[in-house]
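# Chains, contacts and geometry: an overview
Next come the chains, spelled out residue by residue.
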Amino acid sequence: MTDIDLIAPSDVMQRTAQRAKALRLEQNITQQELADKIGIAVGTVKRFEKTGEVQFNHLLRIALVLGRLDDFKTLFAPEDIPTSLYDFKVEKVRQRARKK
């Protein structure tokens, strides 16, 4: 990864919020309706759309209402897909971090 590929987490949050807002408006859902469907305060929706800050479980609920929950299936998915079973190596999965 080069320096050009770097993006700040705050930028990711902001862009995600902007896309969610655009989807909400495209589906003609008000902030109040979204909040009611999710079971959160409308202020939480407003803060999310303005700053990108929201609890992860609320983000998942927003994605569910907007029909985009499947987008999270690839989050943190392994990138290496073996072309053959002979290439497939079972690696031991770490259970905890090492002490520093």
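Below: a short report on this structure. Every residue gets a number counted from 1 within its own chain, in the order that chain's sequence is written. Reporting in this predicted model follows two pLDDT cut-offs: at least 70 for local features of residues, and 80 or more for side-chain atom pairs to be given and counted; totals over whole chains, interfaces and linings ignore these cut-offs and use all residues. Processing note: side-chain calculations cover all non-hydrogen atoms of the structure and skip hydrogens and water entirely.

### Focus: the overall build of the protein chain
Cut-off, in case you're wondering: Only runs of H or I of at least four residues qualify as helices and only runs of E of at least two qualify as strands under DSSP, and these elements are numbered from the N terminus. A 1.4 Å probe rolled over the protein chains alone gives each residue an accessible area, and that area as a share of the maximum for its type sets the label: buried under 20%, exposed over 50%, partly exposed in between. Note on contacts: a residue pair qualifies if any of its non-hydrogen atoms lie within 4.5 Å across the two residues. What sets the accessible areas is the Shrake-Rupley method with a 1.4 Å probe; for residues, cover comes only from the shown protein chains.
For the protein chain, the count of helices and strands is four helices and zero strands. In the protein chain, which comprises 100 residues, the share counted as buried stands at 19%. Taking contacts inside the protein chain between residues at least 6 apart in sequence as the whole, the part at least 24 apart equals 47%. Of the roughly 8,800 Å² that the protein chain leaves accessible, carbon and sulfur atoms contribute 54%.

### Quick look at the side chain of Glu 49
Which entries qualify depends on this criterion: Here a polar contact is taken to be a pair of N or O atoms separated by no more than 3.5 Å, where protein atoms must pair a possible hydrogen donor with a possible acceptor and residues adjacent in sequence count only if both atoms sit in side chains.
With respect to the element layout, Glu 49 can be found in helix H3 (residues 42–51). Since its relative accessible area comes to 10%, Glu 49 is described here as buried. Side-chain polar atoms of Glu 49 contact the side chain of Gln 31, separated by 2.7 Å. Sequence-distant contacts of Glu 49, that is, excluding residues within four places in its chain, are made with Gln 14, Ala 17, Lys 21, Arg 24 and Gln 31.

### Thoughts on the packing of helix H2 (residues 31–38) against helix H4 (residues 56–65)
A packed helix pair is summarised by two numbers, namely the angle formed by the two axes and the spacing between the axes. What counts here: Between N-to-C directions, angles span 0 to 180 degrees; the directions come from axes that are lines fitted to C-alpha atoms, helices contributing only their stretch in contact. Relative orientations are named as follows: roughly parallel for angles under 35 degrees, roughly antiparallel for angles over 145 degrees, roughly perpendicular for angles from 65 to 115 degrees, and oblique for any other angle. Each crossing gets its hand from how the near helix is turned against the far one by less than a right angle, where anticlockwise is left-handed and clockwise is right-handed. Throughout, the ten residues Ala, Val, Leu, Ile, Met, Phe, Trp, Tyr, Cys and Pro are labelled nonpolar, Asp, Glu, Lys and Arg are labelled charged, and all others, Gly among them, are labelled polar.
For the pair H2 and H4, interaxial distance at closest approach is 10 Å and the crossing angle is 110 degrees. Judged by the angle between their axes, H2 and H4 are roughly perpendicular. Note on packing geometry: the crossing formed by H2 with H4 is right-handed. Here Leu 34, Lys 37 and Ile 38 of H2 come into contact with H4, specifically with Arg 61, Ile 62 and Val 65. Looking at the contact of H2 with H4 residue by residue, the class counts come to four nonpolar, no polar and two charged.

### Some thoughts on H2
Just so we agree on the cut-off: Think of the arc as the fan of directions from the helix axis to the C-beta atoms.
Among all positions in H2, only Leu 34, Ala 35 and Ile 38 are buried. Buried residues of H2, seen end-on, are gathered within an arc of 100 degrees and therefore sit on one face of the element. In H2, the exposed positions angled more than 90 degrees off the buried face are occupied by Asp 36 and Lys 37. Positive phi shows up at Gly 39, right after H2, with a value of about 85 degrees.

### Here's the deal with the pattern of salt bridges
Rules: The rule for a salt bridge is simple: a side-chain nitrogen of Lys or Arg has to be within 4 Å of a carboxyl oxygen of Asp or Glu.
Per the counting criterion, the structure on display carries three salt bridges. Residue Arg 24 is joined to Glu 49 by a salt bridge in which the shortest nitrogen-to-oxygen separation is 2.6 Å. Placement of the pair is Arg 24 in helix H1 (residues 9–26) and Glu 49 in helix H3, with a sequence separation of 25 residues. Here the two residues Arg 24 and Glu 49 agree in accessibility, since each one is buried. Here Arg 68 makes a salt bridge to Asp 71, at a shortest N to O gap of 2.8 Å. Owing to a relative accessible area of 37%, Arg 68 belongs among the partly exposed residues under this scheme. According to the relative accessible area criterion, Asp 71 is partly exposed, its value standing at 42%.

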